[in-house]
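Residues per chain, in single letters:
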Amino acid sequence: MTIKDAFAGSKAEALLEAHVAWLVARWDSEGLEDEVGRRLDAALAVADQLKLEDVVTLRSILQTAIGYASDMTLGGAIPALVGDIATALYEHPVHEKTRLEQLMPDKQFEELLDKVLELRELREAVVHESVSNPIFANLITELLYSGVRDYVATSTKFAGRLPGAKSAMKFGKAFVDRARPELGNSLEDGIKTYVNKNTQTSLNASERYLLDAFESDEFRQVVLDLWDENKHLSVASVRDFAGQLDIEELFVIGYEYWQHLRQTPLYQQLIESGIEVFYDTYRKTPLTEILEDIGVTRDMMVRDAMRFLPKIVRALRKKGLLESAIRQQLEDFYRSDAAAAVLNDR
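Everything numeric here is computed off the predicted structure, so don't read it as measured data. (Residues numbered from 1 in each chain as written. Predicted model: local features only at pLDDT ≥ 70, side-chain atom pairs only at ≥ 80, totals over all residues. Heavy atoms only, no water.)

Asks: Sorry, what's going on with the nonpolar core here?
Replies: In terms of nonpolar packing, the biggest core is built from 11 residues, these being F7, A12, L16, V20, L23, V24, V313, L322, I326, L330 and Y334. Every element with two or more residues in this core is listed here: helix 2 (11-27) and helix 20 (322-334). For this core, the element with the highest residue contribution is helix 2, accounting for 5 residues. Non-local contacts of I326, meaning those with residues more than four positions away in its chain, are made with V20, L23 and V24. Judged by nonpolar contacts, the second largest core, of 8 residues, contains L100, V223, W227 and V235. (Core = buried A, V, L, I, M, F, W, Y, C linked by side-chain atoms within 4.5 Å. Buried < 20%, exposed > 50% of the residue type's maximum accessible area, 1.4 Å probe, protein only. Helix = DSSP H or I, 4+ residues; strand = E, 2+ residues; numbered from the N terminus. Contact = heavy atoms within 4.5 Å.)

Have a look at this one:
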């Protein structure tokens, strides 16, 4: 007689079927929430006696975190999914109903502004680099050159009718003489070169002016006034500055950049450092206290379990999978010699 034949019709088989039916009834009934609460309380009672270092090591956490955050290969469908999500977010009607002030209340905006204005070293670096940038200098040169050109043209046209026009023309002639171009260059190039040389002195002085302006109460008030004028706008009105295709492409670019970033030593070392701080802080703390510190309560866990479990149980029961899943967990024991010895089946 085979082991299978010996099990069929035995007390162990009958007890297995009774056990399976009992568990199915408990999971597929109105008492499911009580069952979840009872099992959770038992698990929390055990967790209260265990410290973090009792159940995991720092090395194991680091290996797992880096494995998922950096080493795991993501499927090729992810970029397409990212694009679809970007489209759905862009087209969502909530943008029409949401105002900027709902996302950023006045109090938080002022606090953020004040904090930004406190970043003196960063502000000085930005202003210095901006004023020193050749593009900025060229812009000022073009503005000054345009002003000089238009002034000279106007003065020439109305020289006979405007008071003081003749004196201005003399000044203009002296200026042009000083800006006389080198051989082979046009008068326009010469004037621009002369203006550019004198612009540098003004730019150096303007750096201090800009720094003082950013530190003034007037500048802060200008920003607040600008916020007051625009905070009633909808998110959609801001969103429309970029098209749907632009948003999708930005999401894809951001995803591809993250794919690169997650492979860099910086990314990995920052994750490791953060985990090390967490582990050092909580290594001797009971697991239940860790849950409390991060805001996870027993009621939250029961509520979330009951949000999903009933539908999962019904789906398993409908497809005939619930009983088989439970039986698979119990069957090996009931078929064992240990169970047969207790029940005197063998």
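From this point, the discussion proceeds with the structure in view.
Asks: Quick question: what am I supposed to make of the packing of aromatic side chains here?
Replies: For any pair of aromatic rings, the description rests on two quantities: the centre-to-centre distance and the angle between the ring planes. What the rule picks out here adds up to 4 aromatic pairs. Ring centres of Y255 and W258 lie 6.3 Å apart, and the angle between their planes is 40°; this geometry places the pair in the tilted category. Of this pair, Y255 and W258 both sit in helix 16 (residues 244-261), 3 residues apart, which is roughly one turn of the helix. A residue is classified by how much of its surface remains accessible, and W258, at 31% relative accessible area, is partly exposed. Ring geometry for F333 and Y334: centres 5.3 Å apart, planes at 75°, overall edge-to-face. In this structure Y334 comes out as buried when scored by relative accessible area, which is 9%. One Lys or Arg, R239, reaches over the ring of Y90 and ends 4.9 Å from the middle of that ring. (Phe/Tyr/Trp six-rings, centres within 6.5 Å; stacked < 30°, edge-to-face > 60°. Lys NZ or Arg CZ within 6 Å of the ring centre and 35° of its normal.)

Asks: I'm lost on helix 20 in this one. Help?
Replies: For helix 20, built from 13 residues, the straight-helix expectation of 18 Å at 1.5 Å per residue is met to within 8% by its first-to-last C-alpha distance of 18 Å. At Q328, helix 20 shows its largest kink, close to 40°. Three or more residues of helix 20 are buried, namely L322, I326, L330 and Y334. (Expected span 1.5 Å × (residues − 1). Bend = angle between axes of the 7 residues up to and from the residue.)

Asks: Quick question: what am I supposed to make of the layout of surface pockets here?
Replies: Where empty space is left becomes clear once a probe the size of a water molecule has been rolled over the atoms. Reported here for the largest pocket is a volume of approximately 190 Å³. Lining the largest pocket are L113, V116, L117, L119, L122, R123, V126, V127, S130, L210, F214 and F219. Every element with two or more residues in the lining of the largest pocket is listed here: helix 9 (106-118), helix 10 (120-132) and helix 13 (187-214). Element by element, the count of residues in the lining of the largest pocket is highest for helix 10, at 5 residues. A breakdown of the residues in the lining of the largest pocket according to their chemical character gives 10 nonpolar, 1 polar and 1 charged. (1 Å grid on protein atoms, 1.4 Å probe; cavity = no way out; pocket = protein on both sides within 12 Å on 5 of 7 lines; lining within 4 Å. Points joined across faces, edges and corners; volume = space filled by probe spheres on them. Nonpolar A, V, L, I, M, F, W, Y, C, P; charged D, E, K, R; others polar.)

Asks: Any chance you could explain the side chain of S234 here in plain terms?
Replies: Summarising the element assignment, S234 is placed in the loop between helix 14 (217-230) and helix 15 (235-239). Among residues more than four places away in sequence, those in contact with S234 are H95, E96, T98 and R99.

Asks: Teacher, can you tell me more about the pattern of salt bridges here?
Replies: Charged atoms that come close allow side chains of opposite charge to pair. Summed over all chains, the structure comprises 19 salt bridges. Where K231 meets D106, a salt bridge forms, and the shortest distance between an N and an O atom there is 2.8 Å. Here the residue K231 occupies a position in the loop between helix 14 and helix 15, and D106 occupies one in helix 9, the gap between them amounting to 125 residues. Note that R220 and E110 form a salt bridge whose closest N and O atoms lie 3.5 Å from each other. Residue R220 is found in helix 14, and its partner E110 is found in helix 9; the two are separated by 110 residues along the sequence. Taking relative accessible area as the criterion, R220 reaches 23% and is therefore assigned partly exposed. (Salt bridge = Lys/Arg side-chain N within 4 Å of Asp/Glu carboxyl O.)

Asks: Help me understand a negative patch on the surface in this model?
Replies: Where like charges cluster on the molecular surface, the negative patch consists of D48, E289, E292 and D293. Within the element layout of this structure, E292 appears in helix 18 (residues 287-293). (Patch = residues over 30% accessible without salt bridge, like charges linked within 9 Å, V, L, I, M, F, W, Y side chains within 5 Å. Areas by Shrake-Rupley, 256 points an atom, 1.4 Å probe, with all protein chains shown as cover. Lys, Arg positive; Asp, Glu negative; His and termini not counted. Charge placed at Lys NZ, Arg CZ, Asp CG, Glu CD.)

Asks: Help me understand the side chain of T264, please; the structure alone is not making it clear to me.
Replies: Summarising the element assignment, T264 is placed in the loop between helix 16 and helix 17 (265-282). Owing to a relative accessible area of 16%, T264 belongs among the buried residues under this scheme. Reaching out from T264, the side chain makes a polar contact with the backbone oxygen of L261 at a distance of 2.6 Å. (Polar contact = N/O pair within 3.5 Å; in protein donor to acceptor, adjacent residues only side chain to side chain.)

Asks: Help me out: how do you make sense of a positive patch on the surface in this one?
Replies: A grouping of K311, R314, K318 and K319 is seen on the molecular surface, where their side chains present a positively charged patch. Tracing the sequence through the fold places K311 in helix 19 (residues 298-318). Since its relative accessible area comes to 60%, K311 is described here as exposed.

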